[in-house]
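Chains, contacts and geometry: an overview
What follows is each chain in one-letter form.
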Amino acid sequence: MKLTTGCLLRLFLTLMVIALVCEGKSPSTTNKDDDECHDENGGCAQNCINTPGNYTCACHDGFILAPDGKDCIDKNECFENKGGCSHQCVNSLGSFECKCNSGYSLISSGKQCEFGEWCRIMHGCDHNCRTSSTSNKVECFCRTGYFLHSDGKRCVRSCELGNGGCQHKCNTTADGPVCSCAARYLLNLDGKTCRASCSVNNGGCERKCMDSINGPVCQCPEGFKLHQDGRSCIDVDECEKKMDGCSHMCENIKGSFECVCPPGYKVSSDYKTCVDIDECVMKSTCDHKCENLPGSFKCHCKPGYQLYGVTHCADINECSVQNGGCVYNCTNTEGSYKCSCKEGLKLHPNKHDCIDMRQCTTVVQQPNSVLTCVPVGPKEQHCVMTCEENAFLINDAGYLNSTSISFRCGPSTNYEWTNMPTGKLPQCSRNILAPSLTKKARFVLIRDSCSVEPVEAEMIKKNLTDIFNYDQKYKCNNSCQINFVEFSCGSRRKKFQQMAKRSGKKLVTTEFELQINPREISYNCDVDCRSKKTRKKFNKILKKARQSIKGQKFSIRLYNKEYKPMKKSFKPEKAVEELCVNGTQLINKTCIGCSYGTYYDIQTKKCTLCPWGTYQDKEAQFSCIECPNWQPGSGQEGATTLEQCNDLCEPGTYSTSGRKPCLLCSVGTYQPKYGRISCRPCGMGLRTKSTGSTGFQDCLVKVTCKAGHYYNISTQTCSSCPRGFYQPRTGQDFCYTCPGKTMTDFEGSTLAEDCKDRRCGQHMGDYYGILESPNYPGNYPVNVECVWKIKPQKQRRILIIIPQIQLADNDKCEDKIIMRKTKNPYSQNSYETCESRERPIAFTAKSKKLWIQFKSTGNKTAQGFSIPFVAYNEEYESLVEDIVRDSRLYSTSQHQQIFKDRQLLTVLLEVIATPYSYLKYFNVSQSMFPPSFINLLKPKVRRFFQS
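Rules of the game
- Residues numbered from 1 in each chain as written.
- Predicted model: local features only at pLDDT ≥ 70, side-chain atom pairs only at ≥ 80, totals over all residues.
- Heavy atoms only, no water.
- Helix = DSSP H or I, 4+ residues; strand = E, 2+ residues; numbered from the N terminus.
- Polar contact = N/O pair within 3.5 Å; in protein donor to acceptor, adjacent residues only side chain to side chain.
- Contact = heavy atoms within 4.5 Å.
- Expected span 1.5 Å × (residues − 1).
- Buried < 20%, exposed > 50% of the residue type's maximum accessible area, 1.4 Å probe, protein only.
- Salt bridge = Lys/Arg side-chain N within 4 Å of Asp/Glu carboxyl O.
- Axes fitted to C-alpha atoms, helices over the stretch in contact; angles between N-to-C directions.
- Parallel < 35°, antiparallel > 145°, perpendicular 65-115°, else oblique.
- Nonpolar A, V, L, I, M, F, W, Y, C, P; charged D, E, K, R; others polar.
- Patch = residues over 30% accessible without salt bridge, like charges linked within 9 Å, V, L, I, M, F, W, Y side chains within 5 Å.
- Areas by Shrake-Rupley, 256 points an atom, 1.4 Å probe, with all protein chains shown as cover.
- Lys, Arg positive; Asp, Glu negative; His and termini not counted.
- Charge placed at Lys NZ, Arg CZ, Asp CG, Glu CD.

The chain goes by Signal peptide, CUB and EGF-like domain-containing protein 1 isoform X2 in an unreviewed UniProt entry, where it is assigned to Biomphalaria glabrata.

Following this line, the structure appears as structure tokens:
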């Protein structure tokens, strides 16, 4: 809880009042009227009348109060009985004047007329004549409210009559009244009337007001235009006038517009152009592999897995469908399966069929070798494999330190090479190297500044590389390289610190990694020999470097200035790391290039078999070559030649080896796979239409089963695929099993998409998490119920954000999500709906903990929901409430997109849960979020922290 100084003061005063009341006293108060007229005349144009607790504005005679209750406007006295004039009435500002018809003149009353104009004609008087009592001469005199000019003839109006013709203030001078205006009013060019400035009621303007010589001029902000009344502002529809510049769609909003993008796109930093959303940036988008597409994305599963729920992958139980194609035993494994044979048989190279143990099928010519086999029995051979020049034997255990090997193939074979990628025999490789050696070392420089610019770092790195490679005392001969150089301020050694303090300079600890690459191996010096020589050379180089630095003979050149490391500052680490160049992998202290039929995977840094449909006929390659005109299922994994791409028997054919040339499957049999040594019978004496059949659909049955069904051989009828199975094709004798723990809603499913995960989704962290309907973002299953409980730590409250909800359309409101305090139906309810909504919403839970239930029934389903929540510090409760209750947060398309963008939403959740994490995004927040969103939050946050 925040207690500011003001809060403490208010609390103290409140307690003091309570104490006085409890003692039977009341705090003394003095009701003193505030004279509003004292300050700028109360804003009144003429007279201000103070009253107890209030005030009113009043006007002089000849004026009436304006509608604003403060200004005074002229009263036209001539409207009522001509102002009492006998002839003519002429209205003037603040007063009126009677005029006589021709041949008449006004008498002294100023209203009645008499015949004759002798006074004006004979004496030149403006008003009236009279005989002076002292001089007995005729003199001019003026009516009430006027005074005689110094010329003795003209009558000048005074401030007493109609305020001197002034609208506001009047000052009488010898030449007549001089007008002025009340505070915040300006005198017009006529010198009499006043106009209100923008300080008075904003000049009557709805928005902006500008003072001008003609009075207040109303203006409108950008996105609005001035109404015909000259005061109001009306919205400009930029979209209608094609002023938007949007690349796709335009949506008009009050005072502005927004560019709106189709699903899968978002506005770029110019807020006009739509760019694709890369959903694959979030690693959690797909379980396995994510492919970004224009306006969308697609998830892919690793081999042996099947996609479900749009983004998820689960293991395929290959053994559940026709025994995985295995002749005998099938064992399912995660992401794969294995076939095995009964006793007395061994697995054929196609990994599915079983053959006699006495058959010799593993002897094949290996690259870089010469193979010689001599028969020693009916089904047994004695073979010798010799590596060609500059090639050495390798296997899965690494370098064999040999160039030839002999073995027997047949029933007495004991030498099995089962773990080799391309077969059981070892291989001859020309790509064998001793590993490179790396070691980290550091020294200390003394400089004017502790900071090292990137350009300087590159110069130092190049300088070190040149020193080790070209200085003869190190004898690197271009076999040394510097992998990186890093810098840090200061040093742990007190002696160096004292030296720097005395010189007024800075210490810079320079750490680098030195790598030495070995020479190639040969018959005279194999891998072990080369590794020993490289290690010995490496130690000598480091020893020379230590001696050079200690003797001040080692210098770094930077901007034509030499820096010598401080004596005794060179310190190499003890650990030496062995590295292999890309394209080779370290096996038993030997760098071995990826063999034929494999490629080097940069991500895993391992050699990987070329997948089906590719081959590789070279060593140490980073990819495999695509097979031309390849058909799925043909060829083999780890193919080493182009010929192996399509040399297997095709579906509908077979051979004793599984390779071409092949025979057609006979009538009554079929074969759907490549490279098999036999064909499958239809069963129950069923026949096929002809030879070369590729599947059970070619078997002549009594009835062809439709999709979602399979043919039961024993009953010779069609049966529905049970729950958990599906079949998209017609005329089949099996159903596919749903992957992993997924299940179909009903029997007779026809699509893989019908397989759904019935588990309730949730991702819980310390302060925030996500609740998902089962199988999200795929459609949720029917007849499923989920219950979640959120109970945050003490002094934290729950904020729920619902980007959107898709529920099945049902008049009975059967599919429903409820959020309340407990499972008790009468407990405090925070949210409940059985309807879909596209518009985002955020709200704070009414209770400190939440019980959330989702329930689906019936036959319809929908996508469901993914609802994030965050447990925020209750100290910020008023701020969070202020934000989420502001309708502007959800009013525009760009704001709504924030709640549907998983990357932005994750940032929001993290910042709300732990506000200090905002520093991570400080430099990018302006570009991540639209300006309107930042402008909405900024004053709220500022107001909260200033309160």
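With respect to the secondary-structure elements, Thr 688 resides in the loop between strand 56 (680–681) and strand 57 (709–712). Here the side chain of Thr 688 touches Gly 668 through a polar contact of 2.9 Å, landing on its backbone nitrogen. Among all residues touching Thr 688, those that are not within four sequence positions of it are Ser 666, Val 667, Gly 668, Thr 669, Cys 682, Ser 693, Asp 698, Cys 699 and Leu 700.

With that settled, the discussion passes to helix 3 (residues 454–470). Across its 17 residues, helix 3 extends 24 Å between first and last C-alpha, which sits within 8% of the 24 Å expected from 1.5 Å per residue. Residues Glu 456, Ala 457, Ile 460, Asn 463, Leu 464, Ile 467, Phe 468 and Asn 469 constitute the buried set of helix 3. Among the structural elements, strand 40 (436–447), strand 41 (480–489), strand 42 (506–516), helix 5 (527–550) and strand 43 (556–558) are those in contact with the buried residues of helix 3.

Attention now goes to helix 8 (residues 893–900). Of all 8 residues in helix 8, 6 are buried, a share of seventy percent or more. When helix 8 is considered as a whole, its buried residues turn out to be Ser 893, Gln 894, His 895, Gln 896, Ile 898 and Phe 899.

As a further point, take the pattern of salt bridges. For the structure on display, the rule yields 25 salt bridges. Counted as one network, the salt bridges with shared partners bring together Asp 882, Asp 886, Arg 888, Lys 940 and Arg 943.

The interhelical angle for the contact between helix 8 and helix 9 (residues 902–913), taken along N-to-C directions, is 80°, at an axis separation of 5 Å. By the angle class used here, helix 8 and helix 9 are roughly perpendicular. The residues of helix 9 that touch helix 8, namely those facing Ile 898, Phe 899 and Lys 900, are Arg 902, Leu 904, Leu 905 and Leu 908. Classifying every residue of the contact of helix 8 with helix 9 gives 5 nonpolar, no polar and 2 charged.

As a further point, take a negative patch on the surface. Together, Asp 33, Asp 34, Asp 35 and Asp 39 make up a negatively charged patch on the protein surface. The residue Asp 39 is located in the loop between helix 1 (5–22) and strand 1 (47–51) in this model. For Asp 39, a relative accessible area of 57% translates into the label exposed.

This brings us to a positive patch on the surface. A surface patch of like charges, here positive, comprises Arg 492, Arg 493, Lys 495, Arg 546, Lys 550, Lys 567, Lys 568, Lys 571 and Lys 574. With respect to the helices and strands, Lys 568 occurs in the loop between strand 44 (561–563) and strand 45 (571–572). Classification of Lys 568 by relative accessible area gives exposed; the value is 55%.

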